Every structure is written in structure tokens, then in C-alpha cells.
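Chain by chain, the residues run as shown.
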Amino acid sequence: MSTLEIRQIPVLKDNFIYLVKSESAVAVIDPAVAEPVLAESRALGWPITHILNTHHHADHVGGNLEIKKATGCTIVGPAHDPDRIPGMDVQVAGGDTYDLGGAQAQVFFVPGHTRGHIAYWFKEAGALFCGDTIFSIGCGRLFEGTPLQMWTSLKRLRALPPETHVYCAHEYTASNVRFALSIDPDNGALRARAAEVAALRALNKPTVPSLLAGEIAANPFLRADAPEIAAHLHMQGRDPVDIFTEIRKRKDVF
Ligand code: ZN
Ligand code: FE
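Residues numbered from 1 in each chain as written. Chains lettered and ligands numbered in written order. Predicted model: local features only at pLDDT ≥ 70, side-chain atom pairs only at ≥ 80, totals over all residues. Heavy atoms only, no water.

1. Observations concerning the coordination of the iron ion (ligand 2)
Okay, so step 1: Looking at the metal site, the iron ion (ligand 2) is ligated by Asp59 (OD), His60 (NE2), Asp132 (OD) and His170 (NE2), spaced 2.1 to 2.4 Å from it.
Okay, so step 2: Considering all four donor atoms around the iron ion (ligand 2), angles at the metal cover 82 to 168° and the coordination shape is irregular.
Okay, so step 3: Between the iron ion (ligand 2) and the zinc ion (ligand 1), the interatomic distance is 3.1 Å, and aspartate 132 donates to each metal, bridging them. Of the two residues, histidine 60 sits in helix H2 (residues 58-61) while aspartate 132 sits in the loop between strand E10 (127-131) and strand E11 (134-135), which places them 72 residues apart along the sequence.
Okay, so step 4: Note on histidine 60: relative accessible area 0%, which makes it buried.
Okay, so step 5: Taking relative accessible area as the criterion, aspartate 132 reaches 3% and is therefore assigned buried. (Donors = N, O, S within 2.8 Å, 3.2 Å for Na, K, Ca; no water. Tetrahedral: all angles 85-135°; square planar, octahedral: opposite > 155°, others 65-115°. Helix = DSSP H or I, 4+ residues; strand = E, 2+ residues; numbered from the N terminus. Buried < 20%, exposed > 50% of the residue type's maximum accessible area, 1.4 Å probe, protein only.)

Written as C-alpha cells, this is what we have:
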């Protein structure tokens, strides 16, 4: 039995970095920057032993080298993207399990936002670190992947236990909710989430992590195969990939 303690560090405009402590390791997930992470690590007395990266974007790996220099930590990242993760020591691929000091992280290959994106699922702790794949009530932009790839990736993550906590890398929920209501206006779970998000943001509190069950019920990108959305888009009977493509296209210009 392994436990996991998780601390959320908001940085830059809307990024979240996570510090994750297992029995004998402390990992930073997607360090956009170094200094706030090193400060939090000192404040908690959690010496950093690892960095886990989900993808190569600067707002996810920007602190890699400075944290490695300060701590000597091991950098774990996507084998699917060997040349774009600064300082990567260990490459992991979809289907792998990585032992983080006694806590097992299952690795999923989830291309779409980038071509090498991975996610880490700590099954026992019920925690999913999905980078820029799922956001609360949204999903990452398709910078390097196709709609089919992203839809396939989202379906893979959607199949995890509904009680999974989704630790995404950005606080985009309020604007995601506004868009989602434009294509799924009668969804009660979405309307409830909208109210909850408005209340949290009014207090300047994070809306992340969220429960996967809530995302399955209210996130339009996880609902591209829901009949209500097809009906609203006048796309009844169409392939969910086409519907996902349309939802993503509309969000890009919302
Ligand atoms: Zn990104
Ligand atoms: Fe990002």
C-alpha cells in the first residue's frame, strides 16, 4: 500500500505545478519554473528526487535544468519525445509502470496536444497527472496531433475509475465552462459545475483537481459521443471523431 501526498503550486498566469511525495521519493510534475518549486520543497521539508514531465512545452519543462542542478534529481519523461525534454534521464512509454519511491505510476501515451504527450496515473492514490490533455471542462489544443489521436487519448483516460482525481496543468476552467454551455446548455451536471466554478473563482480558489466522474458528465470533449451534443450541433448519427473535431474547432475560435 502506498500513499501519495500532493501539493499544488500555482505559477505564471494559470499553470499548476505539483509536488508529489511517496514513501521514499518527491517528484515535481511539469515544473514550468524552478524557484517557487524549490522554495515549496524547502518549506515542506520535501527534498526533490524526481521530475516527471508530460510533454515538451516550455511551461511544463522550463524549470527542469535548474531544479536538476539544485537537487540532482532524476528527470523522467516521454520516450515518444526523446529530443525535446531538457535533461531527461529516464524515458517512459505508454504501457510502462514507473516506481516512484514505492508508488506505482502507470504511463499512458496520449498524443494530440503534442505528438509525444504522456500521462501518469497513480492507481492506488487515485491521481491522474494529465498535463495538457484533459483540462477541467476542456482539453488541450491540437498543436501537433490529429482530432482522432486526441479523441482516442481522451477515451483512454475516460476509461479510468470515475473516482480518479484529475490533476491538470492549467486553470482554464471558467472560460472552458462558458464555451461548454454554448454547445451543451441543458446539461445539469455542467450547469452545476458552472456554479461551483464561479463560486471558487470568486474566492480566487483553484477549480483543479476535479473528479473524473464530473468530467465524464460535464466536459464536452469527453462527451463527443453523447447524443445530446450531436443533436445540439445538428450532427446526429455522425462519427464521434467528426463531432470532436467540430467541438475543438469551435473552441479554438470561441
Ligand atoms: Zn502544453
Ligand atoms: Fe501547458
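Now that the structure is up, let's keep going.
2. Points about the sheet that holds strand E9 (residues 118-122)
Okay, so step 1: The six strands are arranged E7-E8-E9-E10-E13-E14 in an open sheet whose pairing can be described as mixed. With partners counted over all chains shown, the strands left at the sheet margins are strand E7 (97-100) and strand E14 (210-211), one partner each.
Okay, so step 2: When E9 meets E10, the two strands line up antiparallel, connected through three bridges. Counterpart to tyrosine 120 in the pairing with E10 is phenylalanine 129.
Okay, so step 3: On top of the sheet, helix H4 (residues 147-158) reaches strand E8 (103-109), E9 and E10; it is set at about 150° to E8, its chief contact. (Pairing = 2+ DSSP bridges. Contact = heavy atoms within 4.5 Å. Axes fitted to C-alpha atoms, helices over the stretch in contact; angles between N-to-C directions.)

3. As for the coordination of the zinc ion (ligand 1)
Okay, so step 1: Only His55 (NE2), His57 (ND1), His113 (NE2) and Asp132 (OD) from the protein coordinate the zinc ion (ligand 1), and they sit 2.2 to 2.3 Å from it.
Okay, so step 2: Coordination at the zinc ion (ligand 1) comes from four donor atoms whose angles at the metal span 85 to 171°, giving a geometry best classed as irregular.
Okay, so step 3: Along the chain, the residues donating to the zinc ion (ligand 1) fall in the pattern H-x1-H-x55-H-x18-D.

4. Describing the nonpolar core
Within soluble globular proteins, side chains that are nonpolar tend to cluster in buried spots.
Okay, so step 1: In terms of nonpolar packing, the biggest core is built from 52 residues, with Tyr120, Phe122, Phe129, Leu157 and Ile247 touching the most fellow members.
Okay, so step 2: No other element matches E9, which puts five residues into this core.
Okay, so step 3: Judged by nonpolar contacts, the second largest core, of 19 residues, contains Ile9, Trp46, Val61 and Met88. (Core = buried A, V, L, I, M, F, W, Y, C linked by side-chain atoms within 4.5 Å.)

5. Thoughts on the sheet that holds strand E6 (residues 90-92)
Okay, so step 1: If you walk across this open sheet you meet the six strands as E1-E2-E3-E4-E5-E6, and the pairing is mixed. Pairing within the sheet leaves two strands with one partner each, and these edge strands are strand E1 (5-11) and E6. Going from strand to strand, the sheet's axes swing by 25° on average, the running direction of each strand aside.
Okay, so step 2: As judged from the seven bridges shared by E1 and strand E2 (residues 15-21), these two strands associate in the antiparallel manner. Counterpart to proline 10 in the pairing with E2 is phenylalanine 16.

6. Points about helix H5 (residues 173-183)
Okay, so step 1: Listing the buried residues of H5 in full gives Thr173, Asn176, Val177, Phe179, Ala180 and Ile183. Mapping the buried residues of H5 onto a view down its axis gives an arc of 170°, with all of them on the same face.
Okay, so step 2: Of the surrounding secondary structure, the elements contacted by the buried residues of H5 are E11, strand E12 (138-139), helix H6 (188-202), helix H8 (227-232) and helix H9 (240-252). (Arc of directions from axis to C-beta.)

7. Structural notes on the side chain of histidine 113
Okay, so step 1: In this structure, histidine 113 sits in the loop between E8 and E9.
Okay, so step 2: A relative accessible area of 4% means that histidine 113 is categorised as buried.
Okay, so step 3: Within the structure, histidine 113 has its side chain in polar contact with the backbone oxygen of arginine 141 (distance 2.9 Å).
Okay, so step 4: Not counting residues within four places of it along the chain, the set of residues in contact with histidine 113 comprises His55, His57, Asp132, Gly140, Arg141, Leu142, Phe143, Glu144 and Met150. (Polar contact = N/O pair within 3.5 Å; in protein donor to acceptor, adjacent residues only side chain to side chain.)

8. Here we look at unusual backbone geometry
Okay, so step 1: With omega at 5°, the peptide bond leading from valine 208 into proline 209 counts as cis.
Okay, so step 2: Mapped onto the secondary structure, proline 209 falls in the loop between H6 and E14.
Okay, so step 3: The backbone phi angle of aspartate 30 is positive, close to 50°, even though this residue is not glycine.
Okay, so step 4: You can see aspartate 30 is positioned in the loop between strand E3 (26-29) and helix H1 (35-44).

9. Focus: the pattern of salt bridges
Okay, so step 1: Here the structure, examined in full by the defined rule, presents 17 salt bridges.
Okay, so step 2: Close ionic contact of arginine 84 with glutamate 144 constitutes a salt bridge, the shortest N to O distance being 2.9 Å. One end of the pair, arginine 84, is in the loop between strand E5 (74-78) and E6; the other, glutamate 144, is in the loop between E12 and H4, with 60 residues separating them in the sequence.
Okay, so step 3: Arginine 84 gets classed as partly exposed once you look at its relative accessible area, which sits at 24%. (Salt bridge = Lys/Arg side-chain N within 4 Å of Asp/Glu carboxyl O.)

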